[in-house]
Amino acid sequence: MKPLAYRIRPKVFEDIVGQDHLVGPTGVIRKMMDANQLCSMILYGPAGCGKTSIAEIIASHYALNSYSYNASCDTKAKLKEIAEAAKLYQNVILIIDEIHRMKKDVQDFLLPFVESGALTIVGLTTENPYRAINPAIRSRTHIYRLNEITKDDIILLLKKTIEKENMLPITEDILNYIAIVSSCEIRSSLNMLEIINMLEQDERDLEHVKALVGKKSFAIDGEGESYYDIASAMIKSIRGSDPNAALHYLARLLQSEDIEFIARRLMILAYEDVGLANPGVGPRVYAACHTALEVGLPEARIPLSYAVLDLATSPKSNSSYLAIDAALADLEQMTSMQIPPHILNKELKSGKFKYQYPHDFEGGYVKQQYLPEELMEKIYYEPKTTGSYERGIKEYLKQLKEKS
């Protein structure tokens, strides 16, 4: 018999849980299909949240040939075969699993077919496509983020499955335990339900279930906190300069043995929350995290502890984070901002616009316009004074302003 997770794979959007913003009655993908339109897209979100099921439902809706391609193991030759089919049928749907792993030469081969509409791709990835996928592919697709599956989503799914499969009833405390111990991952929760269904009715208590399915690979409390809650607590403890709390949450995260996740969060935090208050912390944390990845557990706990303590005990500044977000916000509101002509340093008939090389002036500074006219006098970066390095920046910028 086929596994339960395979047997009840969603065939219609009503069977998808947790993604109403995309496939619910007013969801953007549902509206696209109701209008019988089709566009290339990338679906990204955590494992087990429904990406593949949504892609397959999309493919089944249209009277088009559809193909599957896994970027981590399928060859370019297979893609060429699919492209030949696209030429024959004018338009086919291509579901690309792990699209973030697609090599550049494969992407280059794919682009003209996507651009012409011969191939409509539905890319699937757990990685943020704005970081992990070639801009050329991104610009030709719509990008949709799937929500993380919640405990309530899992419990609802389990109840529907029990009813649909005519299983013996299960108590709320067991349903709650499955949602927690599966980390709210759909396939894992269904696999556990299938095992529990082997128990006789008089064995269906929480103790028997715990013995049967095991326990989560990291500590959970009676509230059923998630892995991401613990990670958030560690980050907030570091940001709040509490090294003891930060180490406590690091220890809990280490039980997951997911070094890559921990390292990624610490490297981001180094630049987001410490930043210019202590510029040396970024390279140090990077080195510590890569050492942890290289040596693996149990030794990885030592460089990760070093990184956490370095970050927690450092002065904090989010000035660079605030500065770039402010600059990006202006880009969303303004268009056609021209670079000042003298900055381009092109040969001009008029001597009015001439780039002045700062090193030709005393102190290596000369006042001239760099920002577009629309942003003149705009200030994005405001130095903080929590660290000596950034205090020096503040003083330096003050001196330059006085020279102007």
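Definitions and limits used
- Residue positions are given per chain, counted from 1 along the sequence in the order it is written.
- The predicted origin of the model limits local features to residues at a pLDDT of at least 70 and limits the giving and counting of side-chain atom pairs to 80 or more, whereas totals for whole chains, interfaces and linings rest on all residues.
- Note: side-chain values were computed over all heavy atoms of the structure, leaving out hydrogens and water.
- Any two strands with at least two DSSP bridges between them are considered paired.
- To qualify as a helix, a DSSP run of H or I must reach at least 4 residues; to qualify as a strand, a run of E must reach at least 2; elements of each kind are numbered from the N terminus.
- Each axis is a line fitted through C-alpha atoms, and for a helix only the stretch in contact is used; angles between axes span 0 to 180 degrees, taken between their N-to-C directions.
- Between two residues, a contact is recorded if the distance between any of their heavy atoms is within 4.5 Å.
- To count toward a patch, a residue needs a relative accessible area over 30% and no salt bridge; like charges are then connected within 9 Å, while nonpolar side chains (Val, Leu, Ile, Met, Phe, Trp, Tyr) are connected within 5 Å.
- Every accessible area reported is derived by Shrake-Rupley at a probe size of 1.4 Å, with residue values counting cover from the shown protein chains alone.
- Any carboxyl oxygen of Asp or Glu that lies within 4 Å of a side-chain nitrogen of Lys or Arg is treated as forming a salt bridge with it.
- Note on classification: 1.4 Å probe, protein chains only; a residue is buried when its accessible area is under 20% of the maximum for its type, exposed when over 50%, partly exposed between these limits.
- Any angle that is under 35 degrees is reported as roughly parallel, and any over 145 degrees as roughly antiparallel; angles of 65 to 115 degrees are reported as roughly perpendicular and all others as oblique.
- Each crossing gets its handedness from the near helix: less than a right angle anticlockwise from the far helix is left-handed, clockwise is right-handed.

Draft legend 1. Up close: the sheet that holds strand β4 (residues 119-125). As summarised here, the arrangement of the 5 strands in space is β2-β3-β4-β1-β5, forming an open sheet in which the pairing is parallel. Looking at strand neighbours, the two that pair on one side only are β2 (66-70) and β5 (142-145), the edges of this open sheet. Recorded for the sheet is a direction-independent mean angle of 20° between the axes of neighbouring strands. Where strand β3 (residues 92-97) and β4 come together, 6 bridges link them in parallel fashion. Counted as the bridge partner of isoleucine 95 is valine 122 from β4. Sheet strands in contact with helix α5 (residues 76-89) are β2, β3 and β4, and its direction is about 160° off that of β2. Here helix α6 (residues 104-116) sits on the sheet in contact with β2, β3 and β4, set at roughly 135° to β4.

Draft legend 2. Local environment of a nonpolar patch on the surface. A cluster of nonpolar side chains, namely Ile195, Met198 and Leu212, defines an oily patch on the protein surface of about 260 Å² accessible area. The exposure class of leucine 212 is partly exposed, given its relative accessible area of 32%.

Draft legend 3. Representation of the packing of helix α15 (residues 259-274) against helix α17 (residues 301-312) within the structure. Across the interface, α15 lies against α17 with an axial gap of 11 Å and an inter-helix angle of 20°. Here α15 lies roughly parallel to α17, going by the angle between them. In this structure, α15 crosses over α17, and the sense of that crossing is left-handed. In this structure, α15 contributes Ile259, Ile262, Leu266, Leu269, Ala270 and Val274 to the contact, and α17 contributes Leu304, Ala307, Val308 and Leu311.

The values reported here are purely geometric and, on their own, carry no functional implication.
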